[in-house]
Amino acid sequence: MLKYPILISLLSAVIFNSCKTSAPKTQVVTETPALIQIGTEKFTATDFLDSYTKNKFASDSVKELTAEEYLPVYRDQKIKMLAARQEGLDTTNDYKEEINSYYDQLAKNFLVDKVLVEKLSTEAYARMKQEVKASHILIAIPEDASPKDTMDAYNAAVALRGRLEEGADFSDMAAKFSKDPSAVHNKGDLGYFTVFQTVYPFETTAYNLPVGKISQPVRSKTGYHIIKVNDRRASRGTVRIAHIMVKVDKKATEAQKTAAKIKIDEAYKKLQSGQEWDAVAESYSDDKQSSKNHGLLPPFGTGQMVPEVEETSFALTKPNAYAAPVLSSYGWHIIKLIEKKNLEPYSVMAPTLRQKVVTDSRGKVLDQATAKRLRTKYAVQEFADQYALFNPLIDSTLISGSWDYMKAVSTDWASNVLFTIEKRPYEALSFLNYIKTQQKPRPKGSAPEVIFKHYYNDYLTDRLFAYEKEHLEETYPEFKSQITEIRQGVLLDLLTEENVLQRSLTDSVGQQAYYQKNMEHFRYPERAFGTIVTAPDTATLHAVKRAIAKSPYLLERKANELIFKEGSSDLTQDQIDKLYDVYIILQKNPDYVVEVAGYRSSTEAETISADRIRKAVQYLSSKNISIVKILEKDYGSFRQSAEIERNRRISFQFYSQSKKDVEKVYNSVTPDAVIIQEGYFQKNNALLGQAKWEAGEQTLTANGLTYWIDIEKIEPARVKTFAEARGGVINEYQKVLEKQWLEKLQQKFPVKVNQQELEKIKR
């Protein structure tokens, strides 16, 4: 369904704008003269001016409409609205579902405390300027533990802190007492971290604690933390790297570890000898995901990468410099620096930060603040005696997440009122069903009574949010105005689609008739068909010309070779995995063609290389790769390699039938270095204005760039065929249909304009 721009602009405009608009003051209602009357409906000058203020640029973003010029637009919208309501479009399920969707999106921005969101966002940004190195000891206790167990855990944390204050070694105590599984290895040391990498209470304590100091117990979902800050440093920003990785499995044998080290050293030597990074990465890297993009990884900051890779990456200072192989828990890495970025300004990061504070553990702070505000705003009455009736239902199945309220009790839960919000009753049955839908297994040590109480508090908060959402139009005039416009926009959308859009798309007879009557509207000017290549220099230009001289076009892209045992053409699992990579490349690039080249050593049978090719082609065909996308080349024992085992190989060279793929190759290092344009060009094209308007090849230099223009033919101006003009025909035909439709509606809903009120507006 086509959407009016107003719907998108309205929803975009309210993101994180303040919704703390006060409720309107009570005013004395007086009769206001109508500016315009449509049928029996009257519309005031105030309503008109409100619409005019928001939409005076709607029809022309350059020229502002006068109020008098906007009046016909306003009139036609109101006529359509009356027609839509008369047809009952505002009662259909499609309309209601769409409005509910927009309502939910819009409501989110009014239910959250924008002032608190901004406060948390600016706080997070300030913290991002520093990185904290800290250690912790965890005294584990479930979030839903009983009060006694919780107090015991707290007292244990206090006692442990006392020992630390008396001089006990923090790392020794962490290794001995912390229930964090990683403490066995790191002795509580978390290394450096920044915002959003730990839960909010932990982060806040770490950022506020002086270096060398030990915190009071800090509560989180997992228990009580004792935190010691070891160091602080300025933010290192983010870094982007490419890597070549040779995997080393955790259970690898010594022989496998040695083989991995030999392989990474071999790759490093090839780089040092001047071989291109991309080729080495493609041949050696076991990280199949990144090797397809020359080893490039997404940008990362402190605490977001394994320590060995992180430290090596930040230690590099010059782009394209690479470090000697480094070992991590995943294997060996050769790391190349792509770029480093410092912390961006708050104005740039603000939208992302606002989104993060809503979705990370700070979201609980926001929910609690809103719940507190709503409890003050609305009259809530709870009935403790009714809650007490739940006691027979509370059991250990709440811990396992298999709880059900269907038990032998005499209470009628459907009529038992648990609490009221503004005197609206909420029955116990709804709450019990809420638990069934929300429940999940809880950690060992949780107390059923505490779990049940948490569900109750969550349910009450959930109902408060729902009540507030229902009454947003009463509370916030801004929300009412925006949702009203959205309702009107959706109605206009439905009505226009039914009466204009669908008809214009399906009425082929009408389209043809309009085309025949207005053929001169749809013309091609004189055009040239050919290719224009833009390059930074003459050498690159000549290289591109050679690359696109013959289709399919040779690409600087290959897949991993398959090396066979002497006399064998059978595919191993490793070779099948490599063939799968070839299949993925072909699947993702519809214009690609692959050359499968087979080789044999001079001591092997003459047919063995053909057999190897056949096995590879059969595999690709089994994956529904068309045979027309596969070129077979049997080189036999020709082109012998210095590496003996490579004489028993199959290699894969990619070509493409699209010049745009050639363009991508040249732009893989420097974006937009080469631009290849192919198709029709008009005389007013900036480049062709400097060239000869004739068939043939030309080379130009302008603005520090070199251009090759190959014009195959010049086509004279002509009328478009119906097929060529159909898009434009439909657009113009829609305008004709809309005009005809409006004329009918204006007859159905006669319009009267109050000239006196109009004169006031014009002045």
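Rules behind the numbers
- Residues numbered from 1 in each chain as written.
- Predicted model: local features only at pLDDT ≥ 70, side-chain atom pairs only at ≥ 80, totals over all residues.
- Heavy atoms only, no water.
- Helix = DSSP H or I, 4+ residues; strand = E, 2+ residues; numbered from the N terminus.
- Rg over C-alpha atoms; globule rule 2.2 N^0.38 Å.
- Buried < 20%, exposed > 50% of the residue type's maximum accessible area, 1.4 Å probe, protein only.
- Contact = heavy atoms within 4.5 Å.
- Areas by Shrake-Rupley, 256 points an atom, 1.4 Å probe, with all protein chains shown as cover.
- Lys, Arg positive; Asp, Glu negative; His and termini not counted.
- Charge placed at Lys NZ, Arg CZ, Asp CG, Glu CD.
- Axes fitted to C-alpha atoms, helices over the stretch in contact; angles between N-to-C directions.
- Parallel < 35°, antiparallel > 145°, perpendicular 65-115°, else oblique.
- Left-handed = near helix turned anticlockwise from the far one by under 90°.
- Salt bridge = Lys/Arg side-chain N within 4 Å of Asp/Glu carboxyl O.
- Pairing = 2+ DSSP bridges.
- Patch = residues over 30% accessible without salt bridge, like charges linked within 9 Å, V, L, I, M, F, W, Y side chains within 5 Å.
- Phe/Tyr/Trp six-rings, centres within 6.5 Å; stacked < 30°, edge-to-face > 60°.
- Lys NZ or Arg CZ within 6 Å of the ring centre and 35° of its normal.
- Core = buried A, V, L, I, M, F, W, Y, C linked by side-chain atoms within 4.5 Å.
- pLDDT = per-residue confidence, 0-100.
- Expected span 1.5 Å × (residues − 1).
- Arc of directions from axis to C-beta.
- Nonpolar A, V, L, I, M, F, W, Y, C, P; charged D, E, K, R; others polar.
- Polar contact = N/O pair within 3.5 Å; in protein donor to acceptor, adjacent residues only side chain to side chain.

Draft legend 1. Just the overall build of the chain, in detail. When helices and strands are tallied, the chain shows 28 helices and 23 strands. Here the chain has a C-alpha radius of gyration of 36 Å; the compact-globule value for 763 residues is 27 Å, and the former is much larger. When the 763 residues of the chain are sorted by exposure, 43% land in the buried category. Taking the intrachain contacts of the chain between residues at least 6 apart in sequence as the baseline, contacts between residues at least 24 apart amount to 74%. Roughly 41,400 Å² of accessible area belongs to the chain as shown, and the carbon and sulfur atoms make up 52% of that amount. Of the charged side chains in the chain, 106 are positive and 101 negative, and the gap between their average positions amounts to 2 Å.

Draft legend 2. Layout of the packing of helix H10 (residues 254-272) against helix H11 (residues 277-284). It is at 10 Å that the axes of H10 and H11 come closest, and there the two elements cross at 165°. By the angle between their directions, the pair H10 and H11 is classed as roughly antiparallel. Viewed along their axes, H10 and H11 form a crossing whose handedness is right-handed. In contact with Lys263, Glu266, Ala267, Lys270 and Leu271 of H10, H11 contributes Trp277, Val280 and Tyr284.

Draft legend 3. Region of the structure containing the pattern of salt bridges. On inspection of all chains with the given rule, the structure shows 48 salt bridges. For the salt bridge of glutamate 64 with lysine 56, the shortest nitrogen-to-oxygen distance reads 3.4 Å. A salt bridge links arginine 442 to aspartate 144; the nearest nitrogen and oxygen atoms lie 2.5 Å apart. Remark: aspartate 144 occurs in the loop between strand E3 (130-140) and helix H6 (147-165) and arginine 442 occurs in the loop between helix H18 (428-438) and helix H19 (448-470); sequence separation between them is 298 residues. The residues arginine 442 and aspartate 144 share a single accessibility class, namely buried. Each of Glu123, Arg127, Glu203, Asp360 and Arg362 takes part in salt bridges that share partners, so that together they form one network.

Draft legend 4. Structural view of the sheet that holds strand E8 (residues 326-327). If you walk across this open sheet you meet the three strands as E7-E9-E8, and the pairing is antiparallel. The open sheet is flanked by strand E7 (238-247) and E8, the only strands paired with a single partner. The pairing of E7 with strand E9 (residues 331-341) spans ten bridges and is classified as antiparallel. Among the inter-strand pairings, methionine 245 is bridged to a residue of E9, identified as histidine 333.

Draft legend 5. Summary view of a nonpolar patch on the surface. On the surface, Met151, Tyr154 and Val158 cluster together into a nonpolar patch covering about 240 Å² of accessible area. For tyrosine 154, the location among the structural elements is in helix H6.

Draft legend 6. Quick peek at the packing of aromatic side chains. This model, assessed by the stated rule, comprises 38 aromatic pairs. Pairwise contacts between aromatic rings join Tyr387, Phe390, Trp403, Tyr405, Trp413, Phe419, Tyr426, Phe431, Tyr434, Phe452, Tyr456 and Tyr459 into one cluster. Positioned above the aromatic ring of tyrosine 680, the side-chain terminus of arginine 527 is 3.7 Å from the ring centre. When the ring centre of phenylalanine 529 is taken as reference, the NZ or CZ atom of lysine 713 above it lies at 5.8 Å.

Draft legend 7. Quick look at the sheet that holds strand E2 (residues 41-44). Strand order in the open sheet made by the three strands is E2-E1-E23, with antiparallel pairing throughout. Looking at the sheet topology across the chains shown, the edges are occupied by E2 and strand E23 (751-753). Ignoring which end each strand starts from, the neighbouring axes of this sheet average 20° apart. Taken together, the three bridges between strand E1 (residues 34-38) and E23 define a ladder with antiparallel strand orientation. Opposite glutamine 37, over in E23, you have lysine 752 as the bridge partner. Across the sheet, helix H3 (residues 67-86) is in contact with E1, E2 and E23; its angle to E1 comes to roughly 45°. The sheet contacts of helix H28 (residues 755-762) involve E1 and E23, and relative to E1 the element is tilted by about 130°.

Draft legend 8. Structural view of the nonpolar core. Counting residues in each nonpolar core, the largest one holds 51 residues, and the members touching the most others are Phe48, Leu472 and Phe479. Setting aside its immediate chain neighbours within four residues, phenylalanine 479 contacts Tyr103, Leu106, Ala107, Phe110, Leu472 and Glu473. Counting residues in each nonpolar core, the second largest holds 34 residues, with Leu579, Val596, Tyr619 and Val674 among its members.

Draft legend 9. Quick look at the pairing of strand E11 (residues 417-421). Along E11, four of the five residues are buried, which leaves the element largely enclosed by surrounding structure. Pairing geometry for strand E10 (residues 380-382) and E11, over three bridges, is antiparallel. Pairing of glutamine 381 across the sheet is with threonine 420, part of E11. Where E11 and strand E12 (residues 424-427) come together, four bridges link them in antiparallel fashion. Counterpart to valine 417 in the pairing with E12 is glutamate 427.

Draft legend 10. Quick look at the confidence of the model for the chain. Considering every residue of the chain, the mean pLDDT works out to 91; 95% of them sit at 70 or more. Taken as a whole, residues 1-29 scores under 50 in pLDDT and shows 57 contacts with residues more than four places along the chain or in a different chain.

Draft legend 11. Here's a closer look at H10. Compared with the 27 Å implied by 1.5 Å per residue over 19 residues, the 27 Å span of H10 between its first and last C-alpha is a close match. Buried residues of H10: Ala260, Ile264, Ala267, Tyr268 and Leu271, and no others. Buried positions in H10, seen along its axis, are confined to an arc of 100° and lie on one side of it. Counted as exposed and oriented over 90 degrees from the buried face of H10: Glu254, Ala255, Ile262, Lys269 and Gln272. In the core, the buried residues of H10 are packed alongside E7, H11 and E9. Where H10 ends, the next residue or the one after it, glycine 274, has phi of about 105°, a positive value.

Draft legend 12. Fine view of the packing of helix H15 (residues 362-377) against H19. Packing of H15 against H19 leaves a shortest axis separation of 10 Å and a crossing angle of 70°. Judged on the interaxial angle alone, H19 and H15 are roughly perpendicular. When you trace H15 past H19, the crossing you get is left-handed. Every residue of H19 that contacts H15 at Asp367, Thr370, Ala371, Arg373, Leu374, Arg375 and Lys377 is listed here: Leu460, Thr461, Leu464, Phe465 and Glu468. Its residues assigned to classes, the contact of H15 with H19 comprises five nonpolar, two polar and five charged.

Draft legend 13. Spatial organisation of helix H5 (residues 114-128). End to end, H5 covers 21 Å across 15 residues, agreeing with the expected 21 Å (1.5 Å per residue, within 8%). Within H5, the full set of buried residues consists of Lys114, Leu116, Val117, Leu120, Ser121, Ala124, Tyr125, Arg127 and Met128. The secondary structure elements touched by the buried residues of H5 are helix H4 (93-111), E3, helix H9 (200-208), helix H14 (346-359) and H15. Regarding H5, its N-cap is aspartate 113, as a side-chain oxygen of that residue lies 3.1 Å from the backbone nitrogen of valine 115 further along.

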